[in-house]
Amino acid sequence: MQFEKDVRADFSIPAFVAFKTRCIVNSLTTYLVTKPENFEFVRQTGQIPVASLEEAWLLAQQELAKQGKDDYKITIMGHASATMPVLEA
């Protein structure tokens, strides 16, 4: 992955956080609440743009139902661009 090579070649904490966030986004279904004018950019990041929390919740429920899942956890991260999720083992 070119992004990883670039981070390794010129390492910085902000670049690493961006890289790690991209890895997380690529491994999960991520809905991002944003303004409609940002939708195309958000799609380019591998996330699914939505206009409201309600829309994100509805889409998540539909996707989980398609997968036959009815016992699950959903993480809602306010100000997610300024946070870094940590999963506990």
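Sequence order as written defines the numbering, with residues in each chain counted from 1. With the structure being a predicted model, the display of local features is reserved for residues of pLDDT at least 70 and the display and counting of side-chain atom pairs for 80 or more, all residues being used for whole-chain, interface and lining totals. Side-chain metrics rest on all non-hydrogen atoms present in the structure, leaving aside hydrogens and water.

## Here we look at the packing of aromatic side chains
- The aromatic pairing rule takes the rings of Phe, Tyr and Trp, using the six-membered ring of Trp, and pairs them if the centres are within 6.5 Å, calling planes under 30 degrees apart stacked, those over 60 edge-to-face and the rest tilted. Per the stated rule, a full pass over the model turns up two aromatic pairs.
- With a centroid separation of 5.7 Å and an interplanar angle of 85°, the aromatic rings of F3 and F19 are classed as edge-to-face. You can see F3 sitting in helix α1 (residues 2-9) and its partner F19 sitting in helix α2 (residues 13-27), a full 16 residues away along the chain.
- Taking the relative accessible area as the measure of exposure, F3 reaches 32% and is therefore partly exposed.
- For F19, a relative accessible area of 12% translates into the label buried.
- Where F11 meets F16, the ring centres are 6.1 Å apart and the plane angle is 45°; that geometry is what we call tilted. To qualify as a helix, a DSSP run of H or I must reach at least 4 residues; to qualify as a strand, a run of E must reach at least 2; elements of each kind are numbered from the N terminus. Accessibility here uses a 1.4 Å probe with only protein chains present; expressed as a share of the type maximum, an area under 20% marks a residue as buried, one over 50% as exposed, and anything in between as partly exposed.

## Considerations on the packing of α1 against α2
- The interhelical angle for the contact between α1 and α2, taken along N-to-C directions, is 160°, at an axis separation of 10 Å. Relative to α2, α1 is oriented roughly antiparallel. For α1 against α2, the interelement crossing comes out left-handed. Counting all contacts with α1, which are made through F3, E4 and V7, the residues of α2 involved are A15, F16, A18, F19 and R22.
- As a working rule, the residues Ala, Val, Leu, Ile, Met, Phe, Trp, Tyr, Cys and Pro are called nonpolar, Asp, Glu, Lys and Arg charged, and the rest polar, with Gly in that last group. Considered class by class, the residues forming the contact of α1 with α2 number six nonpolar, no polar and two charged. To get an axis, fit a line to the C-alpha atoms, keeping to the stretch in contact for a helix; angles then go from 0 to 180 degrees between the N-to-C directions. Note that the term roughly parallel is reserved for angles under 35 degrees, roughly antiparallel for angles over 145, roughly perpendicular for angles of 65 to 115, and oblique for everything else. If you view the pair so one helix is near and one far, a crossing is left-handed when the near helix is turned anticlockwise from the far one by less than a right angle, and right-handed when it is turned clockwise. Residue contacts are counted whenever heavy atoms from the two residues lie within 4.5 Å of one another.

## Here's the deal with the confidence of the model for the chain
- Looking at the chain as a whole, the pLDDT averages 89, with 97% of positions reaching at least 70.
- Confidence of the prediction at every residue is given by pLDDT, a number between 0 and 100. For the chain, per-element mean pLDDT is lowest for α2, which scores 87, and highest for strand β2 (residues 48-50), which scores 96.

## Some remarks on the side chain of T34
- Along the polypeptide, T34 turns up in the loop between β1 (31-33) and α3 (39-44).
- As used in this structure description, the phrase polar contact means that two N or O atoms lie within 3.5 Å; if the pair is within protein, one of them must be able to donate a hydrogen and the other to accept it, and residues adjacent in sequence are counted only when both atoms belong to side chains. At 2.8 Å, the side chain of T34 forms a polar contact with the side chain of N38.
- Beyond its immediate sequence surroundings of up to four residues, T34 is in contact with F39, V42, P49, V50 and A51.

## Considerations on the layout of surface pockets
- Grid points spaced at 1 Å over the protein atoms alone were grouped into cavities, where a 1.4 Å probe fits but cannot get out, and pockets, open sets with protein on both sides within 12 Å along at least five of seven lines, with lining residues defined by an atom within 4 Å of a point. Grid points are joined across faces, edges and corners, and a volume is the space filled by probe spheres set on the points. Computed from the structure, the largest pocket encloses a volume of approximately 1500 Å³.
- Lining the largest pocket are 37 residues, with L28, T29, T30, T75 and M77 positioned closest to its centre.
- Counting residues per element, the ones that place at least two in the lining of the largest pocket are α2, β1 and α4 (53-66).
- With eight residues, α2 is the single largest residue contributor to the lining of the largest pocket.
- Along the lines of polarity and charge, the residues of the lining of the largest pocket split into 21 nonpolar, 11 polar and five charged.

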